[in-house]
Amino acid sequence: MIIQPHIQGCVARNCHPLGCRAAVHEQIERVRATGTFAGPKRVLVIGASSGFGLASRIALTFGSGADTIGISLERGPSEKGLGSAGWYNNIWFREAAEEEGRVALNLIGDAFSDSMRQQSIMAIRERLGQVDLVVYSLASALRILPDGTQVRSVLKSTGSPFSGLGYDLEHDALIPQSLDPASEQEIRDTVSVMGGEDWQIWMQALAEAGCLAHGAQTVAYSYIGPESTYPLYRDGTIGYAKEHLHASAEAINLQLAGMGGHAWVAVCKALVTKASAFIPVLPVYLAVLMQVMKERGTHEGCIEQMMRLFGDKMYGGRGVLADGHRLIRMDDWELDPHTQAAVAALWARVTPENFRTLGDFTGLRRDFLALNGFGLAGVDYQAPLEPSSLLALHP
Ligand code: NAI
Ligand code: NA
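Residues numbered from 1 in each chain as written. Chains lettered and ligands numbered in written order. Predicted model: local features only at pLDDT ≥ 70, side-chain atom pairs only at ≥ 80, totals over all residues. Heavy atoms only, no water.

Visitor: Before we move on, can you summarise the environment of F62 with the specific residues and values?
Guide: By the secondary structure assignment, F62 is in helix α2 (residues 51-64). Residue F62 is classed as buried on the basis of its relative accessible area, which comes to 9%. Apart from residues no more than four positions distant in its own chain, F62 is found in contact with I28, V31, R32, T36, F93, A96, A97 and E100. (Helix = DSSP H or I, 4+ residues; strand = E, 2+ residues; numbered from the N terminus. Buried < 20%, exposed > 50% of the residue type's maximum accessible area, 1.4 Å probe, protein only. Contact = heavy atoms within 4.5 Å.)

Visitor: Residue-level account of the nonpolar core, with values.
Guide: In this structure, L44, W199, W202, L206 and L212 are the most contacted members of the largest nonpolar core, which totals 76 residues. Among the elements that take part in this core, helix α8 (residues 282-296) stands out by supplying 10 residues, more than any other. The residues contacting W202, other than those within four sequence positions of it, are L44, I46, I71, A111, M116, R117, S120 and Y136. With 55 residues, the next largest nonpolar core counts A97, L271, L390 and L393 among its residues. (Core = buried A, V, L, I, M, F, W, Y, C linked by side-chain atoms within 4.5 Å.)

Visitor: Describe the packing of helix α1 (residues 17-34) against helix α9 (residues 302-314), and please don't skip the residues or the numbers.
Guide: Describing two packed helices takes the angle between their axes plus the distance from one axis to the other. The N-to-C vectors of α1 and α9 enclose an angle of 40 degrees; their axes lie 10 Å apart at closest approach. Classified by chirality, the crossing of α9 by α1 is right-handed. For the pair formed by α1 and α9, the contact residues are Q27, R30, V31 and T34 on the first element and I303, E304 and M307 on the second. Looking at the contact of α1 with α9 residue by residue, the classes come out as three nonpolar, two polar and two charged. (Axes fitted to C-alpha atoms, helices over the stretch in contact; angles between N-to-C directions. Left-handed = near helix turned anticlockwise from the far one by under 90°. Nonpolar A, V, L, I, M, F, W, Y, C, P; charged D, E, K, R; others polar.)

Visitor: Mind laying out the site of ligand 1, listing which residues take part and the relevant values?
Guide: Around ligand 1 sit 30 residues, and of these S49, S50, A111, K242 and T273 come closest. One nitrogen or oxygen atom from the side chain of S49 is found 2.6 Å from an oxygen atom belonging to ligand 1. L73 places a main-chain nitrogen or oxygen 3.2 Å from a nitrogen atom of ligand 1. Of all the elements in the fold, those that place two or more residues in the shell around ligand 1 are α2 and β11 (212-222). (Near = heavy atom within 4 Å. Polar contact = N/O pair within 3.5 Å; in protein donor to acceptor, adjacent residues only side chain to side chain.)

Visitor: Go over the state of the cysteines with me, naming the residues and quoting the values.
Guide: As enumerated under the stated definition, the model contains zero disulfides in all. Take C20: it sits in no disulfide, and the sulfur closest to it among the cysteines is that of C15, at 4.4 Å. Relative accessible area serves as the criterion here: at 1%, C20 is assigned to the buried category. (Disulfide = S-S within 2.5 Å.)

Visitor: I'd like a rundown of the UniProt feature "active site" (unreviewed entry) in the protein chain, residues and numbers included.
Guide: According to UniProt, the "active site" (unreviewed entry) feature falls on Y233. Within the secondary structure layout, Y233 lies in the loop between β11 and α7 (237-256). For Y233, the contacting residues outside a window of four places in its chain are Y223, I224, I238, G239, K242 and I279. (UniProt positions renumbered as here; feature names shortened; annotations may be inferred.)

Here's what the structure looks like:
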């Protein structure tokens, strides 16, 4: 079969398995070109199959020689289709890491469940002994609580509605989008799914099971963004969840104090991922930001952000470079005042007619397609793929 990209709204409905391999290898090559750092050797990554979690795993394995266990919720090939990009990312990452002699175990299942916590604890004992770092990088719309209750996160504003131009990836067009104000229940539910409660449960369980090495650290990922995006992010439901995540870092830090451990939040820059493409209006900001940061030479992708996080701000030999609130500011270049002034000026001029000439929508589309294995150099997209060969691959 020959696989063409199928985008619906802002969701990719398929992926190209061999393109995913090229994308993983591209990230590995960028790490190799950057050089090594003296980082952790045994790492658990929760949310490891795409976006920041995958980039973290690649940076740590190929930059610091780390053995890793990665948890993700992904779909393999079936009657319904070839499976998800993250499924293949896991496979290609493991193959490349094992070639380097590294442990790279993939656990597929629900990271919010106690059974996944137990499975991970057993795997850590068996394969790594203990871990020196836990990366928490989940992005999810659903959390199933231990009693079976389903809680859903929503992307809404709070207080008053917010509207603006959004980007329709499917039709390459700007369209009006709006965020309705969330109810109190919706805010609470979003905090339950995307806040820090589950992160804290993880760290408690790992500590009690003796899986954390002395001095172990943990980091979760957050976003704050410039004031111009506050109505749709920081002051939206997701912003409340991130606020809770930040508070959880303080609580977890205290929890780890007895064993010399620390908890941090890395506040990252806005980037195209499966999760961020889904946030109303934000992709227009993203395309304008990419335009400006590329012009200024400060643009970074997921892998560059994670190399700078681990290689410089966490394990660069100067201690962890965080502010007084346990936040590691990876959004420093995004929030640079000159960058933001240029972004604001451009963004104000964007219309459904001129957007392609003002923002880097070409780059945004290219990055989005690459997340799903499309448009990568060195891949023969005309060569038919034999589905049975994919069934033989295992995470
Ligand atoms: P992503 O969608 O690329 O990755 C999410 C990961 O979570 C995947 O590995 C997925 O398999 C896993 N996952 C989701 N539900 C799961 C479940 N129930 N059990 C096990 N695994 C599950 O998203 P992205 O963008 O990498 O997000 C990761 C974190 O980074 C999020 O907390 C996000 O808010 C944060 N972040 C993202 C930014 C962006 O611009 N993309 C900016 C700053 C922070
Ligand atoms: Na991730």
